[in-house]
Amino acid sequence: MTHFKALVVEETGDKQFTRRIKERAVNDLPDGDVLIRVHYSSLNYKDALSASGNRGVTRKYPHTPGIDAAGIVEESRSDSIRIGEEVIVTSYDLGMNTSGGFGQYIRVPTQWIVRLPPNLSLRQSMIFGTAGFTAGMSVSRLRENGIMPDNGEILVTGATGGVGSMSVAILAKLGYSVAAVSGKRDEKAFLTELGAKEIISREEASDTSGRPLLKPRWAGVIDTVGGQILETAVKAAKSDAVITCCGLVASPNLSLTVFPFILRGISLVGIDSQNYPAHPRQVIWQKLASEWRPADLEKMAKEISLEALNENIDLILQGGQKGRVIVRLTE
């Protein structure tokens, strides 16, 4: 019986949870078509929620979080996935109610698996992870709806976070003029290096006038936070602008009139990376590995060990994380 290390979150009392590195058995993993030896994972806000006992993310404990994993196939009952292949697993139920990437092994259904694209290492795929994939989906939706660099400025909110920083970098690589919203005043250099042309504070990005429309500015918006910042972006969007929405860290609520939609023809597009179909998922990964790949991808992430996860989970919950954090599972 193969044993492996994993971060295990356990409930010790009423709404009391602990996180520890423990030894687990492969035989205890859920049933699935493919067993993967995880080499790298990444830390996302949803992982931190799961690791803190959030029942909206994870229903039952003990549990191993980690919504991202990249590794090598060790066992396969699938006709399409071979032993020895390098693969990526993100989204679906991984790390939520299925044992996730913060363990050295995962077992998952075939349809959750994406083959690692050429010219991308397992480590680099986790610099992207769910955050990079979500950013890729958001950029794709802008372009599918005709928002190109010559249409005007693109606003990215929550720009120092995983999805936000990846969005800034991908858009800049594709030639867009990007304005980045961040509440971290000391991260201007980081965002400028990613390619942002302008840095906007949260205060500047939050209109409190109550007006239904603002002076039009944005040709497109990638919003990762929701709430008042998203409301303001909608009201300040230009005619026929496209706004993508993928997060709610500021608030899940919106207080808007219909005026931006019926007077300026604005489109508000929801981004659901969790259940995105397999074929277009592979297409976006191919683009991330090639023409959409930021030049300074490696500079966007720090690498930590499994043992360092606990303190970094606390940091992301406190809003102190920037860019991407990748977790090395191999020893």
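Residues numbered from 1 in each chain as written. Predicted model: local features only at pLDDT ≥ 70, side-chain atom pairs only at ≥ 80, totals over all residues. Heavy atoms only, no water.

Caption draft 1: How the structure looks around the overall build of the protein chain. Of the regular secondary structure elements, the protein chain holds eight helices and 15 strands. Taken over the C-alpha trace, the protein chain has a radius of gyration of 20 Å; the compact-globule value for 331 residues is 20 Å, and the two agree within 12%. Summarising its shape, the C-alpha atoms of the protein chain cover approximately 65 × 45 × 35 Å along the three principal directions. Of all 331 residues assigned to the protein chain, the portion counted as buried reaches 55%. In the protein chain, the share of contacts with a sequence separation of at least 24, taken over all contacts with a separation of at least 6, comes to 70%. Here the protein chain has roughly 14,200 Å² of accessible surface; of this, 47% comes from carbon and sulfur atoms. Computed over 38 positive and 37 negative side-chain charges, the separation of the two mean positions in the protein chain equals 3 Å. (Helix = DSSP H or I, 4+ residues; strand = E, 2+ residues; numbered from the N terminus. Rg over C-alpha atoms; globule rule 2.2 N^0.38 Å. Buried < 20%, exposed > 50% of the residue type's maximum accessible area, 1.4 Å probe, protein only. Contact = heavy atoms within 4.5 Å. Areas by Shrake-Rupley, 256 points an atom, 1.4 Å probe, with all protein chains shown as cover. Lys, Arg positive; Asp, Glu negative; His and termini not counted. Charge placed at Lys NZ, Arg CZ, Asp CG, Glu CD.)

Caption draft 2: Expanded view of the side chain of Ser 78. Its place among the elements puts Ser 78 in the loop between β4 (68-76) and β5 (86-90). Polar side-chain contacts of Ser 78 include one of 3.1 Å to the side chain of Ser 80. For Ser 78, the residues in contact, after removing those within four places along its chain, are Asp 33, Val 34 and Thr 110. (Polar contact = N/O pair within 3.5 Å; in protein donor to acceptor, adjacent residues only side chain to side chain.)

Caption draft 3: Summary view of the pairing of strand β1 (residues 3-13). Where β1 meets strand β2 (residues 16-25), ten bridges bridge the pair, whose relative direction is antiparallel. What sits directly across from Ala 6, in β2, is Lys 22. Counted between consecutive antiparallel strands, the loop separating β1 from β2 contains two residues, among which Lys 15 sits at a positive phi close to 60°. (Pairing = 2+ DSSP bridges.)

Caption draft 4: Spatial organisation of the pairing of strand β9 (residues 178-181). Residues Val 178 and Ala 180 line one face of β9 and the alternating positions Ala 179 and Val 181 line the opposite face, and both faces are buried. In terms of strand pairing, strand β8 (residues 154-156) meets β9 through three bridges, oriented parallel. Residue Ile 154 lies in a different strand from β9, and its bridge partner there is Val 178. Crossover β8 to β9 through helix α3 (residues 162-173) is right-handed. With three bridges connecting them, β9 and strand β10 (residues 198-200) associate as parallel partners. From the neighbouring strand, Val 181 faces β10, where its bridge partner is Ile 200. Following the backbone out of β9, through helix α4 (residues 188-194) and into the adjacent parallel β10, one traces a crossover that is right-handed. (Right-handed = clockwise from strand over helix to strand, strands pointing away.)

Caption draft 5: Layout of unusual backbone geometry. Between Tyr 61 and the following residue, Pro 62, the backbone shows a cis peptide bond with an omega angle of 5°. The topology assignment puts Pro 62 in the loop between α1 (45-50) and β4. Here Tyr 92, not a glycine, exhibits a phi torsion of approximately 50°, which is positive. One can find Tyr 92 in the loop between β5 and β6 (105-108).

Caption draft 6: Representation of the sheet that holds β10 in the model. What the six strands build is an open sheet, ordered β10-β9-β8-β11-β12-β13; its pairing is parallel. At either margin of the open sheet sits one strand with a lone partner, and together these are β10 and β13 (267-270). Averaged over all pairs of adjacent strands, the angle between strand axes in this sheet comes to 20°, irrespective of strand direction. Relative to strand β12 (residues 237-245), strand β11 (residues 218-223) runs parallel, the two sharing five bridges. Paired with Gly 220 across the strands is Val 242, a residue of β12. Lying on the sheet, helix α5 (residues 227-235) is in contact with β8, β9, β11, β12 and β13; it crosses β12 at an angle near 155°. (Axes fitted to C-alpha atoms, helices over the stretch in contact; angles between N-to-C directions.)

Caption draft 7: Broad picture of the packing of aromatic side chains. Going through the model one piece at a time under the given rule, you end up with six aromatic pairs. Pairing Phe 128 with Trp 285 gives two aromatic rings, centres 6.3 Å apart and planes at 90°, and the pair type is edge-to-face. Of this pair, Phe 128 sits in helix α2 (residues 122-144) while Trp 285 sits in helix α7 (residues 278-289), and the two are 157 residues apart along the sequence. For the pair Phe 128 and Trp 285, one class covers both residues: buried. Through successive ring pairs, a cluster of aromatic residues spans Phe 128, Phe 133, Tyr 276 and Trp 285. (Phe/Tyr/Trp six-rings, centres within 6.5 Å; stacked < 30°, edge-to-face > 60°.)

Caption draft 8: Local environment of helix α8 (residues 309-317). Three or more residues of α8 are buried, namely Leu 309, Asn 312, Ile 313 and Ile 316. The buried residues of α8 occupy one face: seen down the axis, they fall within an arc of 110°. As for α8, its buried residues are in contact with β1, β2, α1, β14 (301-305) and β15 (324-328). Downstream of α8 by a residue or two, Gly 319 has a phi angle that is positive, lying close to 75°. (Arc of directions from axis to C-beta.)

Caption draft 9: Examining the nonpolar core more closely. Counting residues in each nonpolar core, the largest one holds 49 residues, and the members touching the most others are Val 168, Leu 171 and Trp 285. Those elements that provide at least two residues to this core are α2, β8, α3, β9, α4, β11 and α7. When residues of this core are assigned to their parent elements, the largest contribution, ten residues, is made by α2. Once residues lying within four places of it in the same chain are set aside, the contact partners of Leu 171 are Val 139, Leu 142, Ile 154, Val 156, Tyr 176, Val 178 and Ile 222. (Core = buried A, V, L, I, M, F, W, Y, C linked by side-chain atoms within 4.5 Å.)

Note that every value here comes from positions in space, so none of it alone points to a role or purpose.
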